[in-house]
Amino acid sequence: AKNAEYIIFDKTWQGTKPQQRILQETTNSIAEFGPIAVRKVNSKHRFKKELMSHPDLQDVSAWNLIGEARHDARQGTLLVSVDAPAVQVVSVSPGRHYMNSAVARCGVSKTQGRLQVNWLSAKKKLIRPEIQVFECSDNWELHEMEAAAPPNAVYAAVYASSHTKDFLEFKNISFRE
């Protein structure tokens, strides 16, 4: 089924070896109830459609850079902080799950970064924010947050930001359905 998140099946199923291998490689076991198994589809197989314009940050024309947020076109990076974030707004479907991911590293000093999505109504009024904080390092690291759009969400404001006044560097920001 399209956009399936879970698979429920009878463990006595005698599928072909390739079918069984695909099931093992594309899902993770969640629970078993006697002969019934529940497996969750891996996120890399669920979130395929990119909603961001230029997630590689080579072009930031779709982004709103606030305050002292800066784009380095040569490096394809954003330098941002909690007071100087970058924001891009995309259309979403109520109730659908999304994967927000970013590749980031410390800019000037050790700090915390965050993945942030503000769910917005049709009139672009804030419904609620969704934030996941992470520790940054000197190396580029991938950070991910799965989030579900509220029932009345029509847009998502996706942020590139640190969680403090210290600046953080991003080289990729993705928002996939």
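Residues numbered from 1 in each chain as written. Predicted model: local features only at pLDDT ≥ 70, side-chain atom pairs only at ≥ 80, totals over all residues. Heavy atoms only, no water.

### Considering the environment of His 143
Tracing the backbone through its elements, the reader meets His 143 in strand E11 (residues 141-148). With a relative accessible area of 11%, His 143 lands in the buried category. Residues His 143 and Arg 114, 29 residues apart in the sequence, show an inter-C-alpha distance of 8.8 Å. Each residue touching His 143, except ones within four places of it in the same chain, is listed here: Asn 100, Ser 101, Ala 102, Ala 104, Leu 115, Phe 134 and Glu 135. (Helix = DSSP H or I, 4+ residues; strand = E, 2+ residues; numbered from the N terminus. Buried < 20%, exposed > 50% of the residue type's maximum accessible area, 1.4 Å probe, protein only. Contact = heavy atoms within 4.5 Å.)

### Regarding the environment of Ile 127
Along the polypeptide, Ile 127 turns up in strand E10 (residues 126-135). On the basis of relative accessibility, which here comes to 28%, the residue Ile 127 falls in the partly exposed class. Setting aside residues up to four positions removed in sequence, Ile 127 forms contacts with Trp 119, Leu 120, Ser 121, Pro 150, Asn 152 and Ala 153.

### Some points on the pairing of strand E6 (residues 77-80)
Here strand E5 (residues 70-72) pairs with E6 via three bridges, running antiparallel. The residue of E6 that forms the bridge with Asp 72 is Thr 77. Following E5, the chain reverses through four residues before pairing antiparallel with E6; Gly 76 in that reversal takes a positive phi of roughly 65°. As paired elements, E6 and strand E13 (residues 168-176) share three bridges and run antiparallel to each other. Paired with Leu 79 across the strands is Glu 169, a residue of E13. (Pairing = 2+ DSSP bridges.)

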